[in-house]
Amino acid sequence: MRDNRDYPPISIPPDKVPTFTNGKEILAELETRVRNKRLVDEVISGPDDVTDFFSLVFPEVKRQHHVGDTRTSDYKIWEKGENVITIEEDKEEMCEGEKKWDVYVGGPAAMCGAVIQAQSEDGGNVLYAHDGIRGISNWKGSASSYILRDICPLYHGSSYNSLYVAYVTLRDALHRRVNFPGYLQTVKSDGLWVNVRIYYRALLSDPGYWLLALKNQWNAVKDVGLYMRGTYLTSASNTTAYTSIIHGSLTPVILKELNLPYTVLYLSNERYMSLDAAPGRKKSKGRFINAKDRLEETVGSEMLEERALSKEEARSRGYDPDRVFNLVERPIDGAFPMSVDQDMEEDIIRGGGKIRDRSRLVSVLVKPVRGGQDCKVTRVRWEDAVTGEMSTTAVNTLTTSLGPSATTLRVSSGESVGLFRRLVGGLQPGNLMQKIMLATASTMVFLIKIDKTQLPGEDMLKKFRDDLGVGNKHYLMLGEREVDIAGKPYHVFAIQGSGGGLFPCRHSHPEAPLNFINAVLNTTLQLDTPGIEFEILSLRTCSRGVTAQNFMRLAAPAANMTMVYGLGGLGMGTMVPNGLLLKAVMKQRGMLAEGVISEIEFRENLKKSKFDVIPHWGKENPFSRDYFKFFDMRTSRSAARQLFGQRAGSDSSVFQARSSTFKSIFRLLRLRR
């Protein structure tokens, strides 16, 4: 299939071509912020004339990626109390004949679920909704890489273990205090510089973060131990990676079954390779240990396939082997094109469904099921993201993947919460979601102009098409185009890069983009070569939501509602299987609410991936792992209990039954005394 990132040649008048500054203004701004300890807390844009030139060369990419359109004010949704979703009782009667939609809300997982349904005979019932500000989303901010070995908790890389991150945060703080010029030079020159940092001020201010961090470190000790064989505390089949990597590997399997008429995933090939590298210097022993032996033991070597490029092969792709070391291809990995959301929306419309943009989910309205023992969603309430106008939609099913700005799902009126449940819930009384910690990176868009009279031949161009990773720093091509300027041939690339992690914080530290631009992008692509000019078009923050498990959380607060959250930067690599998995869980949750299966059967079906029927799929069940360990069972009937518990009597929920059992045992023990 043709690469739809390769756009047809065009001609541009010389008076429309600006002078490129090689990122001078933004690089100077970043150095100033490093000196002044100021975070990247706003959208930083490049020169207006270069942005205008970008719009002429890549109008398609500008439209897909919202380059130049994103504003700092768009981040208002991230402020405390701005993105709280409530579950409320629906006290209104349904209008006769009112259409009930299968509603999908939010990011990649929800959209993939909608696309799967769009291929079925129920495609006309799909309503996909989003808030219309994808320009600030993690979806558009990530490098959209599909790297199987990275679809696992970050602690599988020893340099990203929370204890090591705590150490380097303090070490670098001391380094900059004692020798700031040396610190700044290290940031700008070391491609292997670890760019994840702890924001201690925020961490220490919230006890919920302490508990999350402790749980995460305990999971790390269990899964990878001391990064040496024999130090692990759990078997390979009980690790998170045992599920997460195999789950991610289902992406091409499911896409093949769907046979969509557009490209969703580019896998590594001769034209655009998926690569890993060490720019600037060779990896020293002990750096970036990724527990490879442990991962091979967990999921098999075929999931971690890699192939080292020889110096000759590296040169044939335009790389300098004396500047870029350890160049390795990942043959089964690749990247997602940035056009995939538009392609999928068009697919939903072709299937008879509807798209609702500018719509922010604010309330989920439910009615009781089986006398209040459970509940089901009957309507959702929207707020127009531009006008603030409220409206409702009748619901058949509801699927959500709302991203890291949505950290609170609360029943509008309910029971009081005791101290123990406050602790279990991460000190979030009434919140049906687990505690989420933001880990915020920087994301950048670059425009690169190559004078083909100075750099003739195709070999030099190949490396600009590759997606390349260095630790948690990645870049990939957004688009390429031949441009004729007054009879002179140029090749122009749009590239996106991302990297870093400051947690818990919704802003990023300026060292991360400064390191990425100077030590990674400039080194691998040799942007200082005569004949190459570049500009930084935009720089902004890109937050991930991380839970203690450092993988997805699944929830089903109502009989016909499923949600995924806390994906921790793994949302793109797992979006396709996530969309299908939410359907499988929805079917099981509905049977539980109807009394067709018991709670024990529900638990066992999720543990064994026993999904006999997956709505809108009609093909073999691809799942094989234990998903119950990622499911929020504690809150699955919490909304019904809080809203309708009094009506249901003593048998209104399994939780009340358990409470009665504990009381009976306590009385029996007292009698025996």
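Described below are features of the structure shown in this document. Nothing here was measured: the structure is a model prediction, and the numbers come from that model.

## A word on the sheet that holds strand 8 (residues 266-267)
One open sheet holds the three strands; their spatial order is 6-12-8, and the pairing between them is antiparallel. Where the open sheet ends on each side, the last strands, each with one partner, are strand 6 (145-146) and strand 8. With two bridges connecting them, strand 6 and strand 12 (residues 334-335) associate as antiparallel partners. Of the residues in strand 12, the one forming a bridge with Ser 145 is Ala 335.

## Describing the pattern of salt bridges
Inspection of every chain in the model, using the stated rule, returns 46 salt bridges. Here Asp 6 and Arg 271 are joined by a salt bridge, their closest N and O atoms 3.1 Å apart. Here Asp 6, found in strand 1 (residues 6-11), pairs with Arg 271, found in the loop between strand 8 and strand 9 (274-279); they are 265 residues apart in sequence, far enough to count as distant. By relative accessible area, which is 27% here, Asp 6 ends up partly exposed. One salt bridge in this structure joins Arg 358 and Asp 384, with 2.9 Å as the shortest N-O distance. Here Asp 384 lies in strand 15 (residues 374-384) and Arg 358 lies in the loop between strand 13 (354-356) and strand 14 (359-369), a separation of 26 residues in the sequence. A single network of salt bridges, built from pairs that share partners, joins Asp 6, Arg 271, Glu 458, Arg 465 and Glu 480.

## Looking at the packing of aromatic side chains
Overall, the coordinates contain 15 aromatic pairs when judged by the stated rule. Where Phe 611 meets Phe 623, the ring centres are 6.1 Å apart and the plane angle is 80°; that geometry is what we call edge-to-face. Highlighted residues: Phe 611 in the loop between helix 18 (599-607) and helix 19 (638-648) and Phe 623 in the loop between helix 18 and helix 19, separated in sequence by twelve residues. For the residue pair Phe 611 and Phe 623, the accessibility class agrees, reading buried in each case.

## Here's the deal with the packing of helix 4 (residues 108-118) against helix 17 (residues 575-594)
Close contact between helix 4 and helix 17 brings their axes to 7 Å; oriented N to C, the two are set at 65°. Judged on the interaxial angle alone, helix 17 and helix 4 are roughly perpendicular. In terms of crossing hand, the pair formed by helix 4 and helix 17 is right-handed. Here Pro 108, Ala 109, Cys 112, Gly 113, Ile 116 and Gln 117 of helix 4 lie close against helix 17, whose contacting residues are Met 575, Val 576, Asn 578, Gly 579, Leu 580, Leu 582 and Lys 583. Residues of the contact of helix 4 with helix 17, tallied by class, amount to eight nonpolar, four polar and one charged.

## Side note on the packing of helix 10 (residues 240-258) against helix 11 (residues 292-299)
For the pair helix 10 and helix 11, interaxial distance at closest approach is 9 Å and the crossing angle is 70°. By the angle between their directions, the pair helix 10 and helix 11 is classed as roughly perpendicular. Facing Ala 241, Tyr 242, Ile 245 and Ile 246 of helix 10, the residues of helix 11 in contact are Leu 295, Thr 298 and Val 299.

## Here's the deal with helix 7 (residues 180-189)
Counting along an α-helix, one turn takes 3.6 residues, and residues three or four places apart therefore face a common direction. Listing the buried residues of helix 7 in full gives Phe 180, Gly 182, Tyr 183, Leu 184 and Val 187. The elements touched by buried residues of helix 7 are helix 1 (24-36), helix 6 (162-178) and helix 16 (511-525). Taking the backbone nitrogen of Gly 182 as reference, a side-chain oxygen 3.2 Å away marks Asn 179 as the first, capping residue of helix 7.

## A short note on the environment of Glu 257
By the element assignment, Glu 257 lies in helix 10. Of the residues examined, Glu 257 reaches a relative accessible area of 44% and is grouped as partly exposed. Here the alpha-carbon distance between Glu 257 and Lys 619, two residues 362 residues apart in the chain, equals 8.2 Å. Leave out the neighbours within four places in its chain, and Glu 257 touches Trp 617 and Lys 619.

## Side note on helix 6
Taking 1.5 Å per residue, 17 residues should reach 24 Å; helix 6 reaches 24 Å between its end C-alpha atoms and fits that length. Buried within helix 6 are the following residues: Ser 162, Val 165, Ala 166, Val 168, Thr 169, Asp 172 and Arg 176. For helix 6, the side-chain oxygen to backbone nitrogen distance between the N-cap and Leu 163 is 3.0 Å, and the N-cap itself is Asn 161.

## Details of the nonpolar core
Among the nonpolar cores identified, the biggest contains 64 residues, and Val 264 and Phe 631 are the most heavily contacted of them. A total of nine residues in this core trace back to one element, the largest contributor, which is helix 17. With sequence-adjacent residues up to four places away left out, Phe 631 is seen in contact with Arg 553, Leu 554, Ala 555, Ala 556, Val 585, Phe 602, Leu 606 and Ser 636. Of all hydrophobic cores here, the second largest spans 47 residues; its members include Phe 325, Ile 450, Phe 464 and Leu 468.

## What to know about the pairing of strand 23 (residues 553-558)
Burial analysis of strand 23 places six of its six residues in the buried class, the great majority of the element. Looking at chain direction, strand 23 and strand 24 (residues 561-565) are connected through four bridges and run antiparallel. Bridging from a neighbouring strand, Ala 558 pairs with Met 561 of strand 24.

About the criteria used
Residues numbered from 1 in each chain as written. Predicted model: local features only at pLDDT ≥ 70, side-chain atom pairs only at ≥ 80, totals over all residues. Heavy atoms only, no water. Pairing = 2+ DSSP bridges. Helix = DSSP H or I, 4+ residues; strand = E, 2+ residues; numbered from the N terminus. Salt bridge = Lys/Arg side-chain N within 4 Å of Asp/Glu carboxyl O. Buried < 20%, exposed > 50% of the residue type's maximum accessible area, 1.4 Å probe, protein only. Phe/Tyr/Trp six-rings, centres within 6.5 Å; stacked < 30°, edge-to-face > 60°. Axes fitted to C-alpha atoms, helices over the stretch in contact; angles between N-to-C directions. Parallel < 35°, antiparallel > 145°, perpendicular 65-115°, else oblique. Left-handed = near helix turned anticlockwise from the far one by under 90°. Contact = heavy atoms within 4.5 Å. Nonpolar A, V, L, I, M, F, W, Y, C, P; charged D, E, K, R; others polar. Polar contact = N/O pair within 3.5 Å; in protein donor to acceptor, adjacent residues only side chain to side chain. Expected span 1.5 Å × (residues − 1). Core = buried A, V, L, I, M, F, W, Y, C linked by side-chain atoms within 4.5 Å.

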